[in-house]
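Examining the three-dimensional arrangement
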Amino acid sequence: RAKAEADAKREAEAARAKAEADARTARTVVEVCSDPGNRITALVAEAAQACISNHGAFSIGVAGGSLVEMLSRMSRMPSMQWDKWHVAWVDERCVPHNHLDSNYGGAKKEWLSKVAIPESQIHAINERLCPGSGTGHRIEWARQIMSSEEERHALCNKEFAAADDDGSGTLDLNEVTGLITKMCTDMHIRVPPADRVAMLVKKVKHNDSSANLSL
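Here's a quick rundown of the structure.

What counts, and at which threshold
- Residues numbered from 1 in each chain as written.
- Predicted model: local features only at pLDDT ≥ 70, side-chain atom pairs only at ≥ 80, totals over all residues.
- Heavy atoms only, no water.
- Helix = DSSP H or I, 4+ residues; strand = E, 2+ residues; numbered from the N terminus.
- Buried < 20%, exposed > 50% of the residue type's maximum accessible area, 1.4 Å probe, protein only.
- Contact = heavy atoms within 4.5 Å.
- Areas by Shrake-Rupley, 256 points an atom, 1.4 Å probe, with all protein chains shown as cover.
- Phe/Tyr/Trp six-rings, centres within 6.5 Å; stacked < 30°, edge-to-face > 60°.
- Salt bridge = Lys/Arg side-chain N within 4 Å of Asp/Glu carboxyl O.
- Expected span 1.5 Å × (residues − 1).
- Pairing = 2+ DSSP bridges.
- Right-handed = clockwise from strand over helix to strand, strands pointing away.

In this section: the overall build of the chain. The helix and strand inventory of the chain stands at 8 helices and 3 strands. Ordered by position in the sequence, the α and β elements of the chain form the string α-α-β-α-β-α-β-α-α-α-α. Counting only residues that meet the buried cut, the chain has 24% of its 215 residues in that class. Sequence-distant contacts, at least 24 apart, represent 57% of the contacts inside the chain between residues at least 6 apart. Split by element, the accessible area of the chain, about 14900 Å² in all, is 54% carbon and sulfur.

Below, the structure is given as structure tokens:
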């Protein structure tokens, strides 16, 4: 057993030494071609086919500009296994998807709309986090509210009055649940489970200082 372990260690060290030597002698190759678009298309197609053959999937990070137009040429390749592709972005602007500056929007128009890559495998930025998206996450609004005690109290009083359906001056469990659901919906965040809300209400009623709501 000791001999086998020693042999394995020597083989690993030899493999590491060879890899380091190969890295030192490797040269950077600059290829000059007359048609970059077709060459890029061919290289990506070759890499995709090799990855799918060896690993069952192909992942690519793209930018915008002329690269999108180059990749759009691949839509005419009938043998491409688009359902095995995963696409993300290495360069993107924080704008809604329908904005002229959106690299995702450009890729969708020129390339992605023409191929059968599943939507779940196209990893664009969350446009809800972008200013001016129309469905914004209201991060700046939330920061402003949290930084102003006067605005925070005014908002709380307004929301409390709206949630107090029976006008009792206190909120029961159903009213609290409705209020939290409205707040989460307005902020585009996940609504917490009902049992978590019930636990919070119980702790608050018993003046439990550990009361908090985790999503």
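What follows picks up the thread again.
This part covers the packing of aromatic side chains. Pairs of aromatic rings are described using the distance from one ring centre to the other and the angle between the two planes. Counted by the stated rule, this structure contains 5 aromatic pairs. Between Trp82 and Trp85 the ring centres are 4.6 Å apart and the planes differ by 45°, which places this aromatic pair in the tilted class. Overall, the relative accessible area of 0% leaves Trp85 in the buried class. Ring centres 6.3 Å apart and planes at 65° place the aromatic pair Trp82 and Trp111 in the edge-to-face group. A residue pair is termed long-range when its members are at least 10 positions apart, and Trp82 in the loop between α3 (66-72) and β2 (85-89) and Trp111 in the loop between α4 (103-110) and β3 (122-123) qualify at 29 residues. Neither Trp82 nor Trp111 differs from the other in exposure class; each is buried. Taken together, the ring pairs in this structure connect Phe58, Trp82, Trp85 and Trp111 into an aromatic cluster.

For the rest of this paragraph, the subject is the pattern of salt bridges. Should their charged atoms come close, side chains of opposite charge can pair. Evaluation of the coordinates by the stated rule reveals 3 salt bridges. The shortest N-O distance in the salt bridge between Lys108 and Glu119 comes to 2.8 Å. Taken together, the residues Lys108 in helix α4 and Glu119 in the loop between α4 and β3 connect sequence positions 11 residues apart. Of the charged contacts in the structure, one is a salt bridge between Lys182 and Glu159, with a shortest N-O distance of 3.4 Å. Of this pair, Lys182 sits in helix α7 (residues 173-187) while Glu159 sits in helix α6 (residues 149-163), placing them 23 residues apart in sequence. Accessibility expressed as a relative area gives 16% for Glu159, which makes it buried.

Its 20 residues place the ends of helix α2 (residues 36-55) 28 Å apart at the C-alpha level, agreeing with the 28 Å of an ideal helix rising 1.5 Å per residue. Tucked into the core, α2 has its buried residues touching β1 (58-62), α3 and β2. Immediately downstream of α2, the backbone of Gly56 shows phi near 85°, a positive value.

The alternating pattern of β2 places Trp85, Val87 and Trp89 on a buried face, while none of His86 and Ala88, on the opposite face, is buried. Bridging between β1 and β2 involves 5 bridges; their strand directions are parallel. Bridged to Ser59 within β2 is His86. On the question of chirality, the crossover connecting β1 to the parallel β2 by way of α3 is right-handed. Pairing geometry for β2 and β3, over 2 bridges, is parallel. The residue of β3 that forms the bridge with Ala88 is His123. Once you follow β2 into α4 and on to β3, the crossover reads as right-handed.

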